[in-house]
Amino acid sequence: TYQETPTPVYPLLEDYTTLEAVVSEIEDKETPFRDDDGNPQRTLSFTFRIPDGEHADRKFWGNTPTFWNNSDKCKLRQWAESIANRAYAPGEPLDTDHLLHRPCRVVLTVKKKQNGEMTNRVIDVLPTKTEPAGAPGPTLPAPAPSAFAAPTTQTYAQTTAYGEPF
C-alpha cells in the first residue's frame, strides 16, 4: 500500500538570507505566459539543496529566462558564472550539466505564491566562499536517478532575444 509522506513545514527565512547550497537540478519548463507570436515562454528552474548546517537538506528554487548572451544583465549568465566560478567566453555555449552538483551560495527572498501562501525563493546566486576563482569544483556523487525525473541536459547557444540565434 502507498502512504503519502507529509511534506515538512519549514519556517520562512528572512529576505536576503544567504546560504551555502549545491545545485541539485536544472529543469527547462514551460511557463503559463506567451510571447508576441503566441508561443509558450520557457524558464530554467534551478533547485538548490542546502548540504549541511541548520537548514541541511532543505531545498530552494529559483528561475532564470532561457536566453544566453554576453550581456552582464543576462541572469542565466550571472548564475552560471557564479555556480561554475568562472567567466564564460563570448560565444561559448552553456551546458547545464556542468552546473549540476556544484556548490554556490543562494540569496533568498520571501514571495507570495499564487495561492496566497508565502514562500522563500532564490533571487540571486553567488560563488561559494570556499572555492578559489576558476577552481573546477568538487566531484560530488549524483543523486540516484528517479523514474519520474525529466531530462535536465540542455545546451544554450548565444541568442539575442528569446530563442533567436545570432
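Structure report, in brief. Starting afresh in each chain, residues are numbered from 1 along the sequence in its written order. Local features in this predicted model are restricted to residues whose pLDDT is 70 or higher, and side-chain atom pairs enter the listing and the counts only when it is 80 or higher, whereas totals over whole chains, interfaces and linings include all residues. Hydrogen atoms and water are omitted, and side-chain values are computed over all heavy atoms in the structure.

We now examine unusual backbone geometry. Its identity as a non-glycine residue notwithstanding, D57 has a phi of 70 degrees, on the positive side. Along the chain, D57 falls in the loop between β2 (40–49) and β3 (59–65). Working definition: with a 1.4 Å probe on protein chains only, accessible area under 20% of the residue-type maximum means buried, over 50% means exposed, and in between means partly exposed. Taking the relative accessible area as the measure of exposure, D57 reaches 52% and is therefore exposed. Secondary structure follows DSSP: runs of H or I at least 4 residues long count as helices, runs of E at least 2 residues long count as strands, and numbering of each begins at the N terminus.

The next subject is the sheet that holds strand β5 (residues 103–112). In this analysis, strands are considered paired if DSSP registers two or more bridges between them. Reading across the sheet, the five strands line up as β3-β2-β1-β5-β6 and stay open at both edges, with antiparallel pairing between neighbours. Each having just a single partner strand, β3 and β6 (118–126) make up the two edges of the open sheet. Within the sheet, the average angular offset between the axes of one strand and its neighbour, ignoring direction, is 35 degrees. Between N-to-C directions, angles span 0 to 180 degrees; the directions come from axes that are lines fitted to C-alpha atoms, helices contributing only their stretch in contact.

Attention now goes to the environment of R58. With respect to the secondary-structure elements, R58 resides in the loop between β2 and β3. Separated by 50 residues in sequence, R58 and P8 place their C-alpha atoms 9.4 Å apart. Once residues lying within four places of it in the same chain are set aside, the contact partners of R58 are Y10, P11, L13, F48, R49, I50 and N120. Any two residues whose heavy atoms approach within 4.5 Å at even a single point are treated as in contact.

Turning our attention to the side chain of T31. Looking at the element boundaries, T31 is found in strand β1 (residues 18–34). At 3.2 Å, the side chain of T31 and the backbone nitrogen of F33 are in polar contact. In the analysis that follows, any N or O atom pair within 3.5 Å is treated as a polar contact, provided that within protein one partner can donate a hydrogen and the other can accept it, and provided that, for residues neighboring in sequence, both atoms belong to side chains.

The next subject is the pairing of β6. Relative to β6, β5 runs antiparallel, the two being bridged by eight bridges. Note that in β6 the partner of L108 across the bridge is V122. Counted along the chain from β5 to the antiparallel partner β6, the turn is five residues long, and its residue G116 has a positive phi close to 90 degrees.

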